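Inside the fold
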Amino acid sequence: NVRWLKADVRDMRALFNDDSFDLVLDKGTYAALECVSINEAAQGFSEAHRVLKPRGLLITFLLGYPNPMLLEQLAVLQIRFKVIARYDTGESEAAAAMAFAVRRLAKDDSSKPLRYGNGELSWYRDQDKYDA
């Protein structure tokens with residue numbers, strides 16, 4: 001049984017409680033929001049973080065690399081994700097197709113969250129280490 005619901009990905013509080021899902025799957029929604037504004041995309045990621053259970057997965061597909069300003073905004077909002085897998089087509093930055101599996105960190109998880117700066121950003125191709 002499948003039930004289709006219409007909701008604003010930036011605010012689903014009327015439909016879903018905190019810690020409701022083991023998995024959130026995105027195919028371009030956050031990238032589309034990023035075209036509107038970094039804040040809109042950050043709100044979407046924040047809402048995915050809210051509805052995911054601790055250690056739940058967000059799988060997202062992007063055309064191109066994540067915007068560093070978005071990652072900075074996520075850090076400001078204290079959104080705690082950790083990249084556990086990445087697929088990169090190896091194309092130029094403009095043509096890259098990327099897929100990420102990102103785990104929500106639990107509040108008591110001592111793992112380093114996804115961060116921008118100081119060489120800790122594992123979303124980028126030149127980053128050899130993963131946060132697995």
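So, here is what we can say about the structure in this document.

Here is what the cut-offs are and how they apply
Residues numbered from 1 in each chain as written. Predicted model: local features only at pLDDT ≥ 70, side-chain atom pairs only at ≥ 80, totals over all residues. Heavy atoms only, no water. Patch = residues over 30% accessible without salt bridge, like charges linked within 9 Å, V, L, I, M, F, W, Y side chains within 5 Å. Areas by Shrake-Rupley, 256 points an atom, 1.4 Å probe, with all protein chains shown as cover. Salt bridge = Lys/Arg side-chain N within 4 Å of Asp/Glu carboxyl O. Helix = DSSP H or I, 4+ residues; strand = E, 2+ residues; numbered from the N terminus. Buried < 20%, exposed > 50% of the residue type's maximum accessible area, 1.4 Å probe, protein only. 1 Å grid on protein atoms, 1.4 Å probe; cavity = no way out; pocket = protein on both sides within 12 Å on 5 of 7 lines; lining within 4 Å. Points joined across faces, edges and corners; volume = space filled by probe spheres on them. Nonpolar A, V, L, I, M, F, W, Y, C, P; charged D, E, K, R; others polar. Phe/Tyr/Trp six-rings, centres within 6.5 Å; stacked < 30°, edge-to-face > 60°. Contact = heavy atoms within 4.5 Å.

Regarding a nonpolar patch on the surface
Residues Leu23, Leu25 and Phe61 make up a contiguous nonpolar surface patch of about 310 Å² in total accessible area. As for its position among the elements, leucine 25 is in strand S1 (residues 21-27). Under the relative-accessibility criterion, leucine 25 is labelled exposed at 61%.

Section: the layout of surface pockets
The probe, sized like a water molecule, is rolled over the atoms to show the empty space still left. Its boundaries defined by the atoms lining it, the largest pocket holds a volume of some 450 Å³. If you go around the largest pocket, you meet 19 residues; those closest to its centre are Val9, Met12, Phe16, Val24 and Leu25. Every element with two or more residues in the lining of the largest pocket is listed here: S1, helix H1 (29-36) and helix H2 (38-51). Per element, the largest residue contribution to the lining of the largest pocket is six residues, and it comes from S1. Within the lining of the largest pocket, the residues separate by chemical class into 13 nonpolar, two polar and four charged.

Thoughts on the packing of aromatic side chains
Per the stated rule, a full pass over the model turns up two aromatic pairs. Between tyrosine 30 and phenylalanine 45, the aromatic rings sit 4.3 Å apart at their centres with planes inclined by 20 degrees, giving stacked as the arrangement. Placement of tyrosine 30 in helix H1 and of phenylalanine 45 in helix H2 is noted, with a sequence separation of 15 residues between them. With respect to class, tyrosine 30 is no different from phenylalanine 45; both count as buried.

Some thoughts on the environment of aspartate 26
Examined against the element boundaries, aspartate 26 turns out to sit in strand S1. For the pair aspartate 26 and threonine 60, spaced 34 residues apart in sequence, the C-alpha separation works out to 4.6 Å. Once residues within four sequence positions are removed from consideration, aspartate 26 is found in contact with Leu58, Ile59, Thr60 and Phe61.

Fair warning: the whole summary comes from geometry, so function is off the table for now.
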